[in-house]
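Next come the chains, spelled out residue by residue.
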Amino acid sequence: MKFTLLAAAAVLVASPAFADCRSDAQVQSQRVRAATQTLNDQANAPMADQCRTGMGLIAEAKRLNAIRQNCQAELQLTAQDLQQAQQRIQAADQEYAARCGG
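Each residue is numbered by its place in its chain's sequence as written, counting from 1. Only residues with pLDDT of 70 or above have their local features reported here, since the model is predicted, and side-chain atom pairs are shown and tallied only from 80 upward, although totals for entire chains, interfaces and linings are computed over all residues. Side-chain metrics in this entry use all non-hydrogen atoms of the structure; hydrogen atoms and water are not considered.

(A) Layout of the nonpolar core. In plain words, nonpolar cores are sets of buried Ala, Val, Leu, Ile, Met, Phe, Trp, Tyr and Cys residues tied together by side-chain atoms within 4.5 Å. The rule is simple: take the accessible area with a 1.4 Å probe, protein chains only, and divide by the maximum for that residue type; under 20% is buried, over 50% is exposed, in between is partly exposed. Counting 7 residues, the largest nonpolar core consists of C21, A25, I67, C71, L75, L77 and L82. Counting 5 residues, the second largest nonpolar core, distinct from the first, contains V32, A35, L39 and L64.

(B) Structural detail: the environment of C100. Numbering of helices and strands runs from the N terminus; a helix is a DSSP stretch of H or I covering at least four residues, while a strand is a stretch of E covering at least two. Examined against the element boundaries, C100 turns out to sit in helix α4 (residues 79–100). Residues C100 and M47, spaced 53 residues apart in sequence, show a C-alpha to C-alpha distance of 7.9 Å.

(C) Looking closely at the state of the cysteines. Two cysteine sulfur atoms form a disulfide, by the criterion used here, when they sit within 2.5 Å. Counting across every chain of the model gives 2 disulfides. Put simply, C21 and C71 are joined by a disulfide, and their sulfur atoms are 2.0 Å apart. One disulfide, between C21 and C71, carries an S-S torsion of -80 degrees and so falls in the left-handed class. Linking C21 in the loop between α1 (2–14) and α2 (22–41) with C71 in the loop between α3 (47–70) and α4, this pair joins segments that are 50 residues apart in sequence. Pair check on accessibility: C21 and C71 agree, each one buried. Here C51 connects covalently by a disulfide to C100, the sulfurs 1.9 Å from one another. Its torsion about the S-S bond being -85 degrees, the disulfide of C51 and C100 is classed as left-handed. Of this pair, C51 sits in helix α3 while C100 sits in helix α4, and the two are 49 residues apart along the sequence. A relative accessible area of 8% places C51 in the buried class.

(D) Fine view of the confidence of the model for the protein chain. pLDDT is a per-residue confidence score from the predictor, ranging from 0 to 100. Residues with a pLDDT of 70 or more make up 79% of the protein chain, whose mean pLDDT is 84. Between the elements of the protein chain, mean pLDDT differs from a low of 54, seen in α1, to a high of 94, seen in α3. Here a residue-residue contact requires only that any non-hydrogen atoms of the pair lie within 4.5 Å. Scored below 50 in pLDDT, residues 14–19 shows 11 contacts in the model against residues more than four places distant or in partner chains.

(E) Quick peek at unusual backbone geometry. In this structure, Q76 is a non-glycine residue whose phi angle is positive, near 55 degrees. Within the element layout of this structure, Q76 appears in the loop between α3 and α4. Overall, Q76 belongs to the exposed group, its relative accessible area being 60%.

This is the structure we're talking about:
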């Protein structure tokens, strides 16, 4: 689970933010980074803790992706950028469901 979540988060956080959406995207990127770091720190934690953190990371990644979709032009993102991010989030959701239950 950790690998897929981290990969999804890394792609979402790496995208540049511009124009009026800059602040929202930057704040949300910081939240994704914090959740990613927390998951990294829990490598040896019980699975229940990892699942709880993973669920939070996915939620933060979804919020960032929503900002990116709403600000696509201002953030200079292509439809392919958004589609790839969405696919990574879906993969993380599926892995979460498989490891942690729905």
